[in-house]
Amino acid sequence: MQNFNTLIYAPWIIPVIPENQILENHCLAIHQGRIVDCLPRAHAEVRYQNAHLIELTQHALIPGLVNTHTHSPMSLLRGLADDLPLMEWLEGYIWPAESKWVSETFVRDGALLAIAEMLRGGITCFNDMYFFPEIVAQVAAKVGMRAVIGMIVIDFPSSWAKTSEDYIRKGLELNDQYRAHPLIKTAFAPHAPYTVSDGPLKQVATLAKELNIPVHMHLHETAEEVNRGLAQYGVRPLERLQRLGLLSSQLLAVHMTQLTDQEIQTLAASSAHVIHCPESNLKLASGFCPVAKLYQAGVNIALGTDGAASNNDLDMFVEMRLAALLAKALAGDASAIPANQALRMATLNGAKALGLEQEIGSLEIGKVADIVAVNLGELETQPLYDPTSQLVYTAGRDRVSDVWIAGQQVLKKRQFTTLDESLILSQTQAWAERIQEARKPI
Ligand SMILES: CSC[C@H]1O[C@@H](n2cnc3c(O)ncnc32)[C@H](O)[C@@H]1O
Ligand SMILES: [Zn+2]
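For the protein, the name recorded in an unreviewed UniProt entry is 5-methylthioadenosine/S-adenosylhomocysteine deaminase, with Nitrosococcus wardiae as its organism.

As structure tokens, then:
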């Protein structure tokens, strides 16, 4: 008999590794924030008699979902500008709104709203790119959320930084501050090929190698971006990044809807990761990421929601389902991206892209206890032949009941344990009134 903290029992555990394995009537044993055992319930109750037993009678346990691309504070701009293509949306509405509203308080309140939404939807880690990243980091750490915070770089001045040197210097300070934090990591986040010039991109390439941290960037999001890049630099953006030394296993290339077969091979050879954002790509009519072709070439593909102003939610269940369905439609092959592959894209592949696969992304002994319980017992998910099928093709995020991050229970029967839902709602309402008032013609 050993003295352990917690046992979580569920009828199904989907560890993601080994692939296709489903453990029935097992327990996970959690000690000091890590998974220390995974065993049949009968054995667990003997071996861990002193542990606190959490019994989930109709649930599946899955690894926490990893949202590999978002702009969390943009949740306060949800629904502000819809039904527009990317550049009209950005230049006509979003950038003007950001230059008017983005401040420390905006970022604090927006990030908190986003984190609450993500937690209740089973997301335990997010990869963020936004102004005032130190505030997003503070909010995430306080709530107990895991995050990779973007050290943003963009050629335009903002309320956060003025020049690219300024952006990089402030990013490096942030990297230093969180070097040893258990939940918060940093990544370089140059915005896009059309907003960051060669000088700062070369600097990012050098520093990212030196610090061994990821580089998170919008890339080949639309045909217009690729054509503009070709006209300005004489090569397509991916080739430009390759020449600047950015194409490596540290690169997270977000969107990638415009890809030639040759570029797919180049990505595979470099071990760069593709971050697929199906819902944002559909809503902005940006194009289709050739997921099945990338998968066949051996490229690691993870999933992201993008920000709530272009999605318009932060729901990884929808991203999983769309990723599976769109891949089938685009490839003309119903066997492309089966359910277990979609779940892996939303968990382990995201962890791998962020350099966190030794810590998170699967329910394996030794990994950190980032765990999500999904209730599959209600009539909407019955009958149940295959829990992975129900998760990807049937269930919605409202089925998420309990969430643990590094062993801390942050959602208990859909109630937050580390944040105040009514405060978030009132702060959000106040922002909505302020922003709406300013939109009225005088
Ligand atoms: C430098 S902070 C991030 C910057 O990105 C903008 N943004 C949000 N969504 C997208 C997208 O899909 N493509 C390109 N840029 C996007 C956001 O408004 C911030 O200005
Ligand atoms: Zn984005």
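So that's the structure; there's more coming.
Secondary structure assignment for the protein yields 16 helices and 17 strands. Its C-alpha atoms give the protein a radius of gyration of 21 Å, near enough to 22 Å, the size a compact globule of 442 residues would have. Taken along the three principal axes of its C-alpha coordinates, the protein extends 65 × 50 × 45 Å. Residue burial in the protein is summarised as follows: out of 442 residues, 51% are buried.

One frequently used descriptor of interface size is the decrease in accessible area upon assembly of the parts. Assigned domains of the protein: these are domain 1 (6–62 + 368–406) and domain 2 (65–353). Relative to domain 2, the C-alpha centre of domain 1 lies at a distance of 30 Å. Contacts between the two partners involve 20 residues from domain 1 and, on the opposite side, 24 residues from domain 2. Going through the elements one at a time, β14 (371–375), α15 (387–394) and β15 (400–405) are the ones with two or more residues in the side of domain 1 that touches domain 2. Here the side of domain 1 that touches domain 2 gets 5 residues from one element, more than from any other, and that element is α15.

To continue, consider the pairing of β15. Within a regular strand, the side chains alternate between the two sheet faces. Summarising burial for β15: 5 of the 6 residues are buried, a large majority. Strand direction decides the pairing type here: β14 and β15, joined by 4 bridges, are antiparallel. Looking across to β15, one finds that valine 372 is bridged to valine 403. Strand direction decides the pairing type here: β15 and strand β16 (residues 408–412), joined by 3 bridges, are antiparallel. Within β16, the position partnered with isoleucine 405 by the bridge is glutamine 408. Linking two consecutive strands that pair antiparallel, namely β15 and β16, is a turn of 2 residues; a positive phi of about 50° is found at alanine 406 within it.

On to the site of ligand 1, then. As a matter of local geometry, ligand 1 sits amid 18 residues, with Ile94, Ile152, Ile154, His191 and His218 nearest to it. By residue number, the principal contributor to the shell around ligand 1 is helix α2 (residues 86–101), which donates 4 residues. Its residues assigned to classes, the shell around ligand 1 shows 9 nonpolar, 6 polar and 3 charged.

Our next topic: the nonpolar core. Side chains of a nonpolar character, in soluble globular proteins, are inclined to be buried together. In this structure, Ile115, Val136 and Ala147 are the most contacted members of the largest nonpolar core, which totals 135 residues. Among the elements that make up this core, the one with the highest residue count is helix α3 (residues 104–120) (10 residues). Summarising the domain contributions, this core has at least three residues from each of domain 1 (6–62 + 368–406) and domain 2 (65–353). Excluding anything up to four places from it in sequence, alanine 147 contacts Cys125, Phe126, Asp128, Val136, Ala137, Ala140, Leu183 and Ile184.

This next bit is on helix α7 (residues 223–233). Residues that lie three or four places apart on an α-helix share one face, since the helix turns once every 3.6 residues. Within α7, burial applies to Glu225, Val226 and Gly229. Down the axis, α7 shows its buried residues gathered within 95° of arc, on one side only. Facing away from the buried surface of α7 by more than 90 degrees, the exposed residues are Ala223, Asn227 and Ala231.

Taking 1.5 Å per residue as the helical rise, helix α12 (residues 316–331) with its 16 residues ought to reach 22 Å, and the 22 Å between its terminal C-alpha atoms agrees with that figure. Along α12, the positions that sit buried rather than exposed are Met316, Phe317, Glu319, Met320, Arg321, Ala323, Ala324, Leu326 and Ala327. In the stretch just after α12, glycine 332 is the one whose phi turns positive, near 60°.

Moving on to the pairing of β14. Most of β14 sits out of view: 5 of its 5 residues are buried. Alternating positions in β14 separate into two faces, Ile371, Ala373 and Asn375 on one and Val372 and Val374 on the other, with burial throughout. Strand direction decides the pairing type here: strand β5 (residues 59–63) and β14, joined by 5 bridges, are antiparallel. When the sheet's bridge partners are listed, histidine 59 is paired in β14 with asparagine 375.

Rules used throughout
Residues numbered from 1 in each chain as written. Chains lettered and ligands numbered in written order. Predicted model: local features only at pLDDT ≥ 70, side-chain atom pairs only at ≥ 80, totals over all residues. Helix = DSSP H or I, 4+ residues; strand = E, 2+ residues; numbered from the N terminus. Rg over C-alpha atoms; globule rule 2.2 N^0.38 Å. Buried ≥ 20, exposed ≤ 12 C-beta atoms within 10 Å, placed from the backbone. Domains from an automatic or database assignment. Contact = placed C-beta atoms within 7 Å. Pairing = 2+ DSSP bridges. Near = placed C-beta within 6 Å. Nonpolar A, V, L, I, M, F, W, Y, C, P; charged D, E, K, R; others polar. Core = buried A, V, L, I, M, F, W, Y, C linked by C-beta atoms within 7 Å. Arc of directions from axis to C-beta. Expected span 1.5 Å × (residues − 1).

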